[in-house]
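# Inside the fold
Listed here are the chains, written in short residue letters.
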Amino acid sequence: MTIQFYCGSGSPYVWRVWLALEHKQIPYELKMLSFSEKDMSKPAFLAVNPRGKVPAITDGDFALWESAAIMEYLDERFPPATPQTALFPKDLKQRATVRRKIREIDEYFGNAIERIVGQLLFKKEADWDQRKIAQFVNTAAKELEVIEAWVDGGFVDEQISAADFTLYPYVAMGVRLERRKPDLGFSPLLTPAIKSWMRKIEGLPCFDKAYPPHWKE
Ligand SMILES: N[C@@H](CCC(=O)N[C@@H](CS)C(=O)NCC(=O)O)C(=O)O
């Protein structure tokens, strides 16, 4: 039974699952929902995910949501043929470390990016709280220092993993937010080590296939 992948364009949570599906070359059927049409709140989708959020998948009659849980499910459901196609390492402690980094990325860096999104994309410019925006950028900067040490010369962990697919969409979102606020000051935080890691992710065969469709326009 083909995996049904419910998604929306531009969501960092969707993007990580999309990268995971493509990286592992899992066959799936794309169900693109529209944020502007409020498809996530319609009964057809609420029957899949009662929280009304993307991403969600179905595998036969099994439905799953929450992007981090979906990545774990996909990796176990479609066991990797090589370590390069694994989303989580085989070794218990390395696996725990990747899970920890995913939590840290979501909890600290991702949270700061989400809060900037909340200001710049969900409020009118006149209502932007410049003090808060600066505070969130500052938090992102501190987290990028931690992240820089992780990615230095390699991936977020010892080899490519779900942690890279978790991190990349948030970083890309930070850069994209400068279209709304050119003086946001996010891009200058990207050090050579982080940029070099970004190029590695951008060079993966899965990258173009999972790129948010409306960002291509
Ligand atoms: N913790 C969830 C977050 C999912 C989430 O917040 N998705 C947003 C898009 S970024 C959503 O679907 N919002 C519904 C809406 O805007 O109607 C996950 O990791 O999957």
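Residues numbered from 1 in each chain as written. Predicted model: local features only at pLDDT ≥ 70, side-chain atom pairs only at ≥ 80, totals over all residues.

### Regarding the domain arrangement of the protein chain
Put simply, the rule reads: Domain boundaries shown here were taken from an automatic or database domain assignment. We call two residues in contact when their backbone-placed C-beta atoms lie within 7 Å. Helix and strand definitions here come from DSSP, where helices need a minimum of 4 consecutive H or I residues and strands a minimum of 2 consecutive E residues; each element is numbered from the N-terminal end. When residues are grouped by polarity, Ala, Val, Leu, Ile, Met, Phe, Trp, Tyr, Cys and Pro land in nonpolar, Asp, Glu, Lys and Arg in charged, and all others, Gly among them, in polar.
We note that the domain assignment places domain 1 (3-86) and domain 2 (92-209) within the protein chain. Between the C-alpha centres of domain 1 and domain 2 the distance comes to 21 Å. Taken together, the contact between domain 1 and domain 2 spans 11 residues of the former and 13 residues of the latter. At the level of elements, α1 (12-23) and α3 (67-77) are the ones that each hand at least two residues to the side of domain 1 that touches domain 2. In terms of residue count, α1 provides more of the side of domain 1 that touches domain 2 than any other element does, 7 residues in total. Among the residues making up the side of domain 1 that touches domain 2, the classes are represented as 7 nonpolar, 2 polar and 2 charged.

### Considering the nonpolar core
For clarity, the cut-off: Joining buried Ala, Val, Leu, Ile, Met, Phe, Trp, Tyr and Cys residues through C-beta atoms within 7 Å gives a set, and that set is a nonpolar core. Using C-beta atoms placed from the backbone, we call a residue buried if 20 or more other C-beta atoms fall within 10 Å of its own, exposed if 12 or fewer do, and partly exposed for counts in between.
Val17, Trp18, Ala20, Ala140, Ala162 and Leu167 are the most contacted members of the largest nonpolar core, which totals 52 residues. Of all the secondary-structure elements, those providing two or more residues to this core are β1 (3-7), α1, β3 (56-59), α3, α4 (92-120), α5 (130-151), α6 (162-176) and α7 (192-202). When residues in this core are grouped by element, the largest group, 9 residues, is from α6. Composition of this core by domain shows at least three residues from each of domain 1 (3-86) and domain 2 (92-209). Setting aside its immediate chain neighbours within four residues, valine 17 contacts Phe5, Pro55, Ser67, Ile70 and Met71.

### Here's the deal with the site of the ligand
To keep things clear, this is the line we draw: Nearness here is judged by the C-beta atom: place it from the backbone, and if it falls within 6 Å of a molecule or strand, the residue counts as near that partner.
The full set of residues close to the ligand is Gly8, Ser11, Tyr13, Phe35, Met40, Gly52, Lys53, Val54, Pro55, Glu66, Ser67 and Ala68. A class-by-class count of the residues in the shell around the ligand yields 6 nonpolar, 4 polar and 2 charged.

### Quick look at the packing of α4 against α6
Which entries qualify depends on this criterion: Angles run from 0 to 180 degrees between N-to-C directions of axes, and those axes are lines fitted to C-alpha atoms, restricted for helices to the stretch in contact. Our angle categories are set so that under 35 degrees counts as roughly parallel, over 145 as roughly antiparallel, 65 to 115 as roughly perpendicular, and the remainder as oblique. By convention, the crossing between two helices is left-handed when the near helix turns anticlockwise from the far helix through less than a right angle, and right-handed when the turn is clockwise.
One way to put it is that α4 packs onto α6 with a least axis distance of 9 Å and a crossing angle of 15 degrees. Considered as vectors, α4 and α6 are oriented roughly parallel to each other. The crossing of α4 and α6 is left-handed. Contact residues: α4 offers Val98, Lys101, Ile102, Ile105, Asp106, Phe109, Gly110, Ile113 and Val117, while α6 offers Ala162, Ala163, Thr166, Leu167, Tyr170, Met173 and Gly174. Looking at the contact of α4 with α6 residue by residue, the classes come out as 11 nonpolar, 3 polar and 2 charged.

### Comments concerning the pairing of strand β4 (residues 62-65)
Quick note on the threshold: In this analysis, strands are considered paired if DSSP registers two or more bridges between them.
Relative to β4, β3 is paired through 4 bridges, and the arrangement is antiparallel. The partner of isoleucine 57 across the bridge, within β4, is leucine 64. Counting the residues between successive antiparallel strands, the hairpin from β3 to β4 contains 2 residues, one of them, glycine 60, with a positive phi of roughly 65 degrees.

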